[in-house]
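# Survey of secondary and tertiary structure
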Amino acid sequence: MEPQRQTVKAMLPLSLGRFHISEEYGFLLPSPLKELPDPYRPWMEIANDLPHLIESHQLRAHVTKMPLLSCRFLKSYREQRLAHLVLSFITMGYVWQEGDTQPEEVLPRNLALPFVEVSRNLGLPPILVHSDLVLTNWTKKNAEGPLEIGNLETIISFPGGESLRGFILVTALVEAAAVPGIKALAQAVNAILQTSQDTLLQALQQLRLSIEDITRTLGQMHDYVDPDIFYAVIRIFLSGWKDNPAMPVGLIYEGVCTEPLKYSGGSAAQSTVLHAFDALLGVRHSKGSADFLYRMRDYMPPCHKAFIEEIHAAPSLRDYVLSCGHGYLLTAYNQCLEALAALRSYHVTVVTKYLITAAAKAKGRRPNRLPGPPQALEFTGTGGTAALSFLKSVRDKTLEAILHPRG
C-alpha cells in the first residue's frame, strides 16, 4: 500500500538535499569515482576489459580465477557505488556471455558474496540497475567543460561500442535535463504548503519546460545509438532473471542461498524522475502498470525512493488546483500533463524503433563474434514487461489525469 497523504501541519519543507539529490546533477551521482582502492584491482582489471573478455568468450574463465574479496575496504559511499557498478557489469557479462540460449545459472561465490554484501550496504538489489548503468557510470573528459555528450565518457562498458556509449550517455543527459523539473517539483510542494499561488504557477511552468527538454534530449538517441546494435548486441546485457523465459527459475548466488533469486533487468522505470512527476501531478496508473512501477522503486537508491514517497505524502496538487478556482493554475497543471503525455508518446516511438522494428530486422541475421539477437525477450522490455502495451498504458493514464473546469 502507498503511504497516506500527510496533513499540511505535519509536513516539513521539501528539500533536495534531505534526499541526497544534487542541485546541479539531480539524481545523477556527482563526480563518480573511476577507480576502486588498490585491494580491488582484480575487479577493476576485469571490468576495464569487459567488452573484449565477453567478445572472446573468456570472461567466465577470468571470473573463476578472481580472488574472493570482502567489501570492508570500501570506505565511502562513492566507493560503494562504483563497486556496485563494477560487480553488476561483471555479473551481467558472466551470466549472458554466451547469449540467452546458454545463460549461466550459478553466480560463483567470489562474485556473488561481495556483490550481495555491497548491495545490502547500499539498499540495492544484486543486479545491474539504472543507478549503476547511468547514474554512476559517467565522467567528464574535461572537468571544467559542459555536460554534453562530446565531453562525456562512460566508466565501465559492455560490447556495443559507440552505440552503447550513446545509449548510456544520452540517458544520463535525460537525467540532467530533468534537474530544473525536480527543483520545480520541490518548489511546487512548498508553494502548496505556504499557499503561494504565484510561486506554484512559476513552478508548474518550469516543470513543463523541463519535461519538454527531456523529450528533446531523448531524441539524441537517434543520433548516437544504432537500433540494430542496441537490439542484437546491447540489450541482452540489460536483461534480468525475473519474468525472463531464458532463466525461468532465476539465478543461484553461490554462498548466499541455495534457492535461485529473481531480479528484474534494467528498465527506464527505475529512473526516479517520472515517478516523482507522477506523484506530484497525481497520475494514477492501471493496476498492472502501477504494480510494476511500484516494484521498480525497490531498484532505486533508498533515498530516491523516499523522495517519491515524500511527494506522494504531501498535500495533493490536483485537489489544490481544483479547490482554489484559479483557471491559470488549472491551465498550467494541464500543460504539465500534456507535456508528460507527449514525452511518453515519444518514448513509445523510440521503443518501437529500437525494439519492435529492430526485432523484425534481426530475424535471420547474426552479428559476428556475438551470440546473436536474443530470442526469449523478443518483444519484451529488459525489465520484463510487454514494452509497448505498458508504455501506451502509462501515456493514456497521464492524459486521463487532465482536469476539466467545473461548469
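The sections below set out a description of the structure shown in this document.

Cut-offs and rules
Residues numbered from 1 in each chain as written. Predicted model: local features only at pLDDT ≥ 70, side-chain atom pairs only at ≥ 80, totals over all residues. Heavy atoms only, no water. Helix = DSSP H or I, 4+ residues; strand = E, 2+ residues; numbered from the N terminus. Buried < 20%, exposed > 50% of the residue type's maximum accessible area, 1.4 Å probe, protein only. Contact = heavy atoms within 4.5 Å. Lys, Arg positive; Asp, Glu negative; His and termini not counted. Charge placed at Lys NZ, Arg CZ, Asp CG, Glu CD. Phe/Tyr/Trp six-rings, centres within 6.5 Å; stacked < 30°, edge-to-face > 60°. Lys NZ or Arg CZ within 6 Å of the ring centre and 35° of its normal. Core = buried A, V, L, I, M, F, W, Y, C linked by side-chain atoms within 4.5 Å. Disulfide = S-S within 2.5 Å. Expected span 1.5 Å × (residues − 1). Salt bridge = Lys/Arg side-chain N within 4 Å of Asp/Glu carboxyl O. Axes fitted to C-alpha atoms, helices over the stretch in contact; angles between N-to-C directions. Left-handed = near helix turned anticlockwise from the far one by under 90°. Nonpolar A, V, L, I, M, F, W, Y, C, P; charged D, E, K, R; others polar.

So, about the overall build of the protein chain. When helices and strands are tallied, the protein chain shows 17 helices and 4 strands. With respect to the three principal axes, the spread of C-alpha positions in the protein chain is 70 × 50 × 45 Å. For the protein chain, with 407 residues in total, the buried portion stands at 57%. Relative to all contacts within the protein chain whose residues are 6 or more apart in sequence, the contacts with residues 24 or more apart total 80%. Placing the 39 positive and 39 negative side-chain charges of the protein chain at their respective mean positions leaves the two points 3 Å apart.

A separate point is the packing of aromatic side chains. Here a ring pair, both rings aromatic, is described through the centre-centre distance and the interplanar angle of the planes. Applying the stated criterion to the full structure yields 10 aromatic pairs. On the numbers, 4.1 Å between centres and 10° between planes, the contact of Phe89 with Phe158 is stacked. A residue pair is termed long-range when its members are at least 10 positions apart, and Phe89 in helix H4 (residues 77-96) and Phe158 in the loop between strand S3 (152-153) and helix H7 (161-177) qualify at 69 residues. Look at Tyr253 and Tyr263: their rings are 6.1 Å apart centre to centre, the planes differ by 90°, and that puts the pair in the edge-to-face class. Placement of Tyr253 in strand S4 (residues 252-253) and of Tyr263 in the loop between S4 and helix H12 (272-281) is noted, with a sequence separation of 10 residues between them. Among the aromatic residues, ring-to-ring pairing joins Phe19, Phe27 and Phe307 into one connected group. If you follow Arg60 out to its NZ or CZ, it ends over the ring of Tyr94, 5.8 Å from the centre.

Here the focus is the side chain of Thr139. Tracing the backbone shows Thr139 in strand S2 (residues 139-140). Since its relative accessible area comes to 13%, Thr139 is described here as buried. Excluding anything up to four places from it in sequence, Thr139 contacts Lys34, Asn151, Leu152, Glu153 and Ile155.

Here we come to the nonpolar core. Ranked by size, the top nonpolar core spans 140 residues in total, and within it Trp43, Phe158, Trp241 and Phe307 carry the most contacts. With 17 residues, helix H16 (residues 327-362) is the single largest residue contributor to this core. With residues up to four places along the chain from it excluded, the contact list for Phe158 reads Leu50, Pro51, Ile54, Phe89, Met92, Gly93, Leu128, Leu164, Phe237 and Leu238.

What follows covers the state of the cysteines. In the structure shown here, the tally under the stated rule is 0 disulfides. Just so you know, Cys71 is unpaired, no disulfide at all, and the nearest cysteine sulfur is the one on Cys257, 17 Å from it. With a relative accessible area of 4%, Cys71 lands in the buried category. Sulfur of Cys336: no disulfide; nearest cysteine sulfur belongs to Cys324 and is 14 Å away. Of the residues examined, Cys336 reaches a relative accessible area of 0% and is grouped as buried.

Before going further, it helps to examine helix H14 (residues 302-313). Under the 1.5 Å per step criterion, the end-to-end length of H14 is 16 Å for 12 residues, consistent within 8% with the ideal 16 Å. Those residues of H14 lying buried are Cys303, His304, Phe307, Ile308, Glu310, Ile311, His312 and Ala313. Elements in contact with the buried residues of H14: helix H6 (130-135), helix H8 (179-193) and H12.

Of note in the backbone geometry, His57 takes a positive phi value of approximately 60° without being a glycine. Inspection of the secondary structure puts His57 in the loop between helix H2 (50-55) and helix H3 (59-64). Even without glycine at this site, Thr195 takes up a positive phi of about 45°. Within the secondary structure, Thr195 is located in the loop between H8 and helix H9 (197-218). Accessibility expressed as a relative area gives 55% for Thr195, which makes it exposed.

Following the criterion strictly, the structure yields 13 salt bridges and no others. A salt bridge links Glu153 to Arg165; the shortest N-O distance between them is 3.3 Å. Within this pair, whereas Glu153 is found in strand S3, its partner Arg165 is found in helix H7, the two being separated by 12 residues in sequence. Close ionic contact of Asp278 with Arg344 constitutes a salt bridge, the shortest N to O distance being 2.9 Å. With Asp278 in helix H12 and Arg344 in helix H16, this residue pair connects regions lying 66 residues apart in the sequence. Asp278 gets classed as buried once you look at its relative accessible area, which sits at 7%.

Interaxial distance between H12 and H16 falls to 11 Å at its minimum, and their mutual angle equals 150°. Two packed elements cross with a definite hand, and for H12 against H16 that hand is left-handed. In contact with Leu274, Phe277, Asp278 and Leu281 of H12, H16 contributes Tyr333, Cys336, Leu337, Leu340, Leu343 and Arg344. Partitioned by chemical class, the residues of the contact of H12 with H16 number 8 nonpolar, no polar and 2 charged.

Geometric descriptors of this kind do not, in isolation, establish any biological role.
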